[in-house]
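Structural overview for review
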Amino acid sequence: MLCSFPSRFQRAIVLLLNQTNPFSSKPFNTLSISNNNTFRTNDSIEFDHATVRETISSYSNDWKSAFEFFNWVETNSSFLHNTDTYNFMLDVLGKFFEFDLCWNLIQRMKDHQFSHPNHTTFRIMFKRYLSAHLVQETIDIYNNRTPQFNLKDETSLSNLIDALCEYKHVVEAYELLFKTCSDCKINTKFCNMILRGWSKIGWWSKCREFWEEMGKMGIDRDLYSYSICMDIQCKCNKPWKAVKLYKLMKKEGIQLDVPAYNTVINAVGLCEGVDMAIRVYRDMKESRCEPNVVTYNTIIKLLCKYERFKEAYLMLEEMPKRGCEPNVITYHCFFGLLMKPKEILRLFERMIDSGLQPRMDTYVMLMRKFSRWGFLRPVFLVWKKMEELGCSPDEFAYNALIDALVQKGMVDMARKYDEEMLAKGLSAKPRVELGTKLVDKHVD
C-alpha cells in the first residue's frame, strides 16, 4: 500500500530500515501499513516512534519536507505522535525560526492526551529563540508560557540559564539569576553554569572574579567547578595552571571523576607532551576510574598532533577490546590532522562500514579540507555518500561544495546548487562569481 506515501519519504524510511537491519539479504523494496496503523515492510519490521523521530531528523535541514512528513504520518496513517516526536519537529522548525508554527504545534500538543509539553519542549524553545538572539522573548516564554503547563520551576529556570550561557548571553543570565529572580535559591549547579558561560565567551578575568565570588557567597565548589576551572586554564593557553590545580586536588584528596581526568589528560598533553598524558591515563585506570570514549579521543588527538599516527591507529583498534566503541569525534581527530586524501577516504569508509553515521560537520570538514588541497573528486565522493546515507545537506555543506566548484571554475554547476539551497530556505553565501555579490568600484 504505497499509493499515498510520498516517494521522498519512502527513500528516508527505507534508509532507516536498512540501518535497523543491515545484515538482511532481502531488499526493503515495499512498505505497507498494518491494521494497528504502524508501518511495516515485507520483513515485518515495524515503524515506531523512534523511526519517525529519526526520519524527522534526516530532514533537519529541510523543514518543509520534515513538517510535511510529520503531518502526513499523522493524517494518512493515524499515527499517534507522542511528546518526543513533537519535540523533534519543534527543534527542526525552530532551527529555521518558524516560531509561529512552533506555537501552533505546542497548541496541538496541549490538545492531545499523550503529547503534553514537558521541560524538554521548553528547553528546545529557549535554545531556538536564543539562537536568533531573542533574549527578552526567551525570558518572556519562561515567565508567561511555562506557567500554562505548570512548568515554571527550578528545572525550567536551570534550562533557561543553561541556554542563555550556551548562546553567550551570560550577562543576561547573571542579571536574571542574581537580581531578577529574588525567590531563586542560588546553588552550585547554577554557579557552574555561569562560570562555564564566562569561559565560553572567553572572559577569563570574569571567570577568576566569579570563582572568588562563589567563595564569598559560601557556594561550595564541587568537582565540576574545578573541572570547569581547569578547562578555562587550557582554553586561555595556560595548561600548566590546570596541571597545578590537578596536583593541588590530589594533595587535598579530592577524588577525580572521568570528565575531570579527561581535562587533566588534555592539559598535561599540551604542556608536557603525549607521553606524560598517557602516564596520567594509566594513573586514572589504577584509581579504578574507567576511561570513556572522550579519554581515548583526547589521547588519539594528542598522538595525531605529534604525528604519531601508528600509535593512534593502534589505540583505535584497542578501543572496542576495552569495551569502548569509537564515535564520530574519534574519527574527526584523524580527519583533522591526516594529510593524505586516499588515507582519509579509506578511514571515512571504515567509519561508515563500522556502523557509524557521519555527522553533518563530518561531511563539511572533509569537503573543505579536500577543497583547500584543490581536489574536487573527493569532494563529490563525500557529497554522494551524504546523499546515499539520506542526510539532508545544511547551508555549510552547500557552501563547502559551491566554494569547491567556484574554485575550479565550474560556475554553472555552482549556480545550480546555489539555487537549490535557496529553494530550501537556506542562506547562501554572496559570491561575485555567481553574480550574488556586487564588486566594489572605487572612483579615483
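Residues numbered from 1 in each chain as written. Predicted model: local features only at pLDDT ≥ 70, side-chain atom pairs only at ≥ 80, totals over all residues. Heavy atoms only, no water.

With that settled, the discussion passes to helix α14 (residues 258-272). For α14, built from 15 residues, the straight-helix expectation of 21 Å at 1.5 Å per residue is met to within 8% by its first-to-last C-alpha distance of 20 Å. Residues of α14 that are buried: Val 258, Ala 260, Tyr 261, Asn 262, Thr 263, Val 264, Ile 265, Ala 267, Val 268 and Gly 269. Those residues of α14 that are buried are in contact with α12 (223-235), α13 (239-251), α15 (274-286) and α16 (293-305). The backbone nitrogen of Ala 260 has a side-chain oxygen 3.0 Å away, supplied by the residue at the start of α14, namely Asp 257. Immediately downstream of α14, the backbone of Gly 273 shows phi near 100°, a positive value. (Helix = DSSP H or I, 4+ residues; strand = E, 2+ residues; numbered from the N terminus. Expected span 1.5 Å × (residues − 1). Buried < 20%, exposed > 50% of the residue type's maximum accessible area, 1.4 Å probe, protein only. Contact = heavy atoms within 4.5 Å. Polar contact = N/O pair within 3.5 Å; in protein donor to acceptor, adjacent residues only side chain to side chain.)

Moving on to the confidence of the model for the protein. Detailed reading of the predicted coordinates is not advisable wherever pLDDT falls low. Mean pLDDT for the protein: 87, with 87% of residues reaching 70 or above. Taking the mean pLDDT of every element in the protein, the minimum, 42, falls on strand β1 (residues 31-33) and the maximum, 98, on helix α6 (residues 119-131). Of the regions scoring below 50 in pLDDT, residues 19-46 engages in 55 contacts with residues more than four places distant in sequence or in other chains. (pLDDT = per-residue confidence, 0-100.)

As a further point, take empty space enclosed by the protein. The final tally for this structure, using the stated rule, is 2 cavities of 30 Å³ or more. Here the second largest cavity is characterised by a volume of approximately 30 Å³. Considering the residues around the second largest cavity, the lining is formed by Ser 371, Gly 374, Phe 375, Leu 376, Ala 404, Gln 407 and Lys 408. For the lining of the second largest cavity, the per-class residue count stands at 3 nonpolar, 3 polar and 1 charged. (1 Å grid on protein atoms, 1.4 Å probe; cavity = no way out; pocket = protein on both sides within 12 Å on 5 of 7 lines; lining within 4 Å. Points joined across faces, edges and corners; volume = space filled by probe spheres on them. Nonpolar A, V, L, I, M, F, W, Y, C, P; charged D, E, K, R; others polar.)

If you check helix α23 (residues 411-423), its first and last C-alpha atoms are 18 Å apart, about what 13 residues at 1.5 Å a residue would give, namely 18 Å. In the core, the buried residues of α23 are packed alongside α21 (377-388) and α22 (395-407). Just beyond α23, the residue with positive phi is Gly 425, at close to 85°.

Taken as a whole and assessed by the stated rule, the structure comprises 20 aromatic pairs. With centroids separated by 6.5 Å and ring planes inclined at 45°, the aromatic side chains of Trp 103 and Phe 122 adopt a geometry described as tilted. You can see Trp 103 sitting in helix α5 (residues 99-110) and its partner Phe 122 sitting in helix α6, a full 19 residues away along the chain. Residue Phe 122 is classed as buried on the basis of its relative accessible area, which comes to 1%. Ring geometry for Phe 348 against Tyr 363: centres 6.2 Å apart, planes inclined by 85°, an arrangement best described as edge-to-face. Within this pair, whereas Phe 348 is found in helix α19 (residues 341-353), its partner Tyr 363 is found in helix α20 (residues 360-373), the two being separated by 15 residues in sequence. Cluster of aromatic residues (ring-pair linked, three or more members): Phe 97, Phe 99, Trp 103, Phe 122, Tyr 129 and Phe 149. Positioned above the aromatic ring of Phe 88 is the side chain of Arg 53, whose terminal nitrogen or guanidinium carbon lies 5.9 Å from the ring centre. (Phe/Tyr/Trp six-rings, centres within 6.5 Å; stacked < 30°, edge-to-face > 60°. Lys NZ or Arg CZ within 6 Å of the ring centre and 35° of its normal.)

All right, on to the nonpolar core then. If you look at the biggest cluster of nonpolar residues, it comprises 138 residues, and the most contacted ones within it are Met 89, Ile 161, Ile 194 and Tyr 363. Considering each element in turn, this core owes the most residues, 8 residues, to α22. (Core = buried A, V, L, I, M, F, W, Y, C linked by side-chain atoms within 4.5 Å.)

This part is about the state of the cysteines. Inspection of the entire model under this criterion finds 0 disulfides. We note that Cys 229 lacks a disulfide partner, and the nearest cysteine sulfur, in Cys 207, lies 8.1 Å from it. According to the relative accessible area criterion, Cys 229 is buried, its value standing at 12%. For the unlinked cysteine Cys 236, the closest cysteine sulfur is that of Cys 207, found at 8.0 Å. (Disulfide = S-S within 2.5 Å.)

Next up on the list: the packing of helix α17 (residues 309-321) against α19. Their axes nearest at 14 Å, the elements α17 and α19 cross at an angle of 5°. When the axes of α17 and α19 are compared, the pair comes out roughly parallel. On the side of α17, the interface is formed by Tyr 313, Leu 316 and Glu 317, while α19 contributes Glu 343, Leu 347 and Arg 350. Across the contact of α17 with α19, the residue classes tally to 3 nonpolar, no polar and 3 charged. (Axes fitted to C-alpha atoms, helices over the stretch in contact; angles between N-to-C directions. Parallel < 35°, antiparallel > 145°, perpendicular 65-115°, else oblique.)

Time to look at the side chain of Thr 295. By the secondary structure assignment, Thr 295 is in helix α16. At a separation of 2.5 Å, a polar atom in the side chain of Thr 295 contacts the side chain of Asn 262.

Next up on the list: the packing of helix α8 (residues 154-166) against helix α9 (residues 170-180). Running from N to C, α8 and α9 cross one another at 150°; their axes reach a closest spacing of 7 Å. Relative to α9, the element α8 lies roughly antiparallel. Our pair here, α8 against α9, has a crossing hand that is left-handed. Residues Leu 157, Leu 160, Ile 161, Leu 164 and Cys 165 of α8 touch α9, and the partners they reach there are Val 170, Ala 173, Leu 176 and Leu 177. (Left-handed = near helix turned anticlockwise from the far one by under 90°.)

Here Asn 61 shows up in the loop between α2 (49-58) and α3 (63-75). Counting along the chain gives 360 residues from Asn 61 to Met 421, while the straight-line C-alpha distance between them is 9.9 Å. Dropping the residues within four chain positions of it, Asn 61 is found in contact with Lys 95, Phe 96, Met 360, Ser 392, Pro 393, Asp 394 and Leu 426. At a separation of 2.5 Å, a polar atom in the side chain of Asn 61 contacts the side chain of Lys 95. At a separation of 2.6 Å, a polar atom in the side chain of Asn 61 contacts the main-chain carbonyl oxygen of Ser 392.

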